[in-house]
Amino acid sequence: MRGDGKNRRLKEKTGKNREAEENRRSIKNKESVKNRGLRISGRKNKTGSLKGYHALLTGIFLVASCFTLLYFFVFTDSYSLFRNGDSGSDSYLIREVREAVISSADRNHDGSVLQEQTEKKAGQQEHNKKKLLPCGIPVGIYLETRGVLVTELADLVTASGDTISPCDGILEPGDYILRVGKTEISDKEQFRELIQKSDGQKLELLIERNGEQQQAAVTPVLSEEGEYAVGIWIRDDMHGIGTLTWLDEDGNFAALGHCISDIDTGRRMEIDTGQLYHAEIYSLIRSSSNKPGSLSGAIDYRLQSCIGTVEANTEQGIFGSGNEGIETLILDRLNSCYRQNTFENLWEKAAMETASADEIKDGKAQMLSCFSGEYQLYDIEIRRIQGEKAGYDNINLEITVTDDSLLKQTGGILQGMSGSPILQDGRLVGAVTHVLVNDPTRGYGIFIENMLEH
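Notes on the structure in this doc start here.

What counts and how
Throughout this description, residue numbers start from 1 for each chain and increase along the sequence as written. Per-residue local features of the predicted model are confined to residues with pLDDT of at least 70, and side-chain atom pairs are confined, for both listing and counting, to 80 or more; whole-chain, interface and lining totals are unaffected and use all residues. Side-chain metrics in this entry use all non-hydrogen atoms of the structure; hydrogen atoms and water are not considered. Where helices and strands are cited, they refer to DSSP runs of H or I of at least four residues and of E of at least two residues respectively, numbered from the N terminus. Exposure classes here rest on a 1.4 Å probe applied to the protein chains alone. A residue is buried below 20% of its type maximum, exposed above 50%, and partly exposed in between. Residue contacts are defined here by distance: any two heavy atoms, one from each residue, within 4.5 Å place the two residues in contact. Each accessible area is a Shrake-Rupley estimate made with a 1.4 Å probe; only the visible protein chains count as cover when residues are assessed. DSSP calls a pair of strands paired once it identifies at least 2 bridges connecting them. Think of a nonpolar core as a cluster: buried Ala, Val, Leu, Ile, Met, Phe, Trp, Tyr and Cys residues, connected wherever their side-chain atoms sit within 4.5 Å. By definition here, a salt bridge exists when the distance from a side-chain nitrogen of Lys or Arg to a carboxyl oxygen of Asp or Glu is within 4 Å.

**Regarding the overall build of the chain**
So, point 1. Broken down by element type, the chain carries eight helices and 22 strands.
So, point 2. Within the span of the chain, comprising 454 residues, buried residues form 46% of the whole.
So, point 3. Long-range pairs, those at least 24 residues apart, make up 70% of the contacts in the chain with a sequence separation of at least 6.
So, point 4. Carbon and sulfur atoms form 46% of the exposed surface of the chain, whose accessible area is close to 23,700 Å².

Put into structure tokens, the structure is as follows:
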């Protein structure tokens, strides 16, 4: 357990109204148009040549009509949908048409695109067979960095009165210091001790920058306080409250639907390990225009309150394995709805199939949240199905809260609700990931199939 000196902070992503550019390229239909079984009846003419003339005119008319209709439906409609920023089921169908045309073209070469799409479809069908238990339960999240994270470079005043920055041009915010000499770094207290023991001698560092390891060297200087320092701010852990999304039959869990980022650098946090804990929500700050609210609570860090181990921090959420405590917590929170005395019975009643992206539709849906301490379903609407817009794997659904009781209580989506399951037609389809700052009644969600890809 970390002491009070630890700086535990978790950046909960607030919503940003990201509107990606719509694709303006027209779809090229590479297959020929064939007139099959189409016949237009007319009055018979006794003159053969005249009959042939009429047949020729009729043929020209039919061919012209076919190309006109082809242009209108394939080029005009699809371009209009992308140009005007239309979305939902119509634009999603247009995207499927484009993929079908690309597949048809590439199939003549090596069939690789077709094979990839076939495998992806098979994977989606497999996801649908997988049952998950939607949770919507607030939990405490504690993460430890791999090594120590450099959050900021700083000037320091030396014992001689000079102002210098020893790490300028050597280290950058976002770097992870993994090793000093031959010593693996586990926390910031250990790193500070090694700095003090250096006696101002150069230290060889192993750092990780943008996913790649490299060597660096820094020379500690004696500060005006009489201690050796290198002029950097560092962090080795974070904590905060988020929402548990689902648990599978093997005890694996997922939460948040987005990564945990460092609050200073804004980058995804590279973790060594982490834990999931019980959390109690005591109050909430209500959302208002241009000011999203948040859940306020406390994390119970006692050993018996640990309910799982966090193993991965990804763009699609945090993932790990639960212990018996997580089953007890879920049974307690969901029991107000399902009234089951064992977790096995609860699983039989509450576990749901998942939906693939192409099975989700615009319209009514529900958000599951236990922030009040009990199982509650709140009405929302899926306004737009965006796919993977602007390169974000976790911005797939645009949602709007329509539930009067939730709007009255919270004003919309709160920070801390990230990970709340989205249900539609009795299936788990996604999870809430973002709230829009200028309109907290709206936000974004991730496809559940994207979380399952982890």
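Next comes the rest of the description.
**Details of the pairing of strand β14 (residues 306–314)**
So, point 1. Along β14, seven of the nine residues are buried, which leaves the element largely enclosed by surrounding structure.
So, point 2. Two elements, strand β12 (residues 271–285) and β14, share four bridges in a ladder whose sense is antiparallel. Opposite Leu-276, over in β14, you have Gly-308 as the bridge partner.
So, point 3. Between β14 and strand β15 (residues 317–322), which pair antiparallel and follow one another directly, the connecting turn spans two residues.

**So, the nonpolar core**
So, point 1. In terms of nonpolar packing, the biggest core is built from 37 residues, with Leu-244, Leu-276, Ile-330 and Leu-334 touching the most fellow members.
So, point 2. Counting only elements with at least two residues in this core, the list comes to β1 (131–153), β4 (176–180), β10 (232–248), β11 (252–255), β12, β14, α5 (324–338) and α6 (343–350).
So, point 3. Ranked by the residues each element gives to this core, the list is headed by β1, at seven residues.
So, point 4. Setting aside anything within four residues of it in sequence, one finds Leu-334 in contact with Leu-133, Pro-134, Cys-135, Ile-137, Leu-346, Cys-370 and Tyr-375.
So, point 5. Core analysis: the second largest hydrophobic core is formed by 31 residues, Ala-365, Met-367, Leu-414 and Ile-422 among them.

**Remarks on the environment of Val-221**
So, point 1. Note that Val-221 resides in strand β8 (residues 221–222).
So, point 2. Accessibility expressed as a relative area gives 18% for Val-221, which makes it buried.
So, point 3. The spacing of Val-221 and Ser-198 is 23 residues in sequence and 9.6 Å in space, taken between C-alpha atoms.

**Re the pattern of salt bridges**
So, point 1. Per the counting criterion, the structure on display carries 19 salt bridges.
So, point 2. For the salt bridge of Asp-332 with Arg-333, the shortest nitrogen-to-oxygen distance reads 2.5 Å.
So, point 3. On the basis of relative accessibility, which here comes to 11%, the residue Arg-333 falls in the buried class.
So, point 4. The residue Asp-425 makes a salt bridge to Lys-361 at a minimum N-O spacing of 3.2 Å. Residue Asp-425 is found in the loop between β20 (421–424) and β21 (427–436), and its partner Lys-361 is found in the loop between β16 (352–353) and β17 (363–369); the two are separated by 64 residues along the sequence.
So, point 5. In this structure Lys-361 comes out as partly exposed when scored by relative accessible area, which is 45%.
So, point 6. Through salt bridges with shared partners, a single network forms among Arg-146, Glu-208, Arg-268, Glu-270 and Glu-315.

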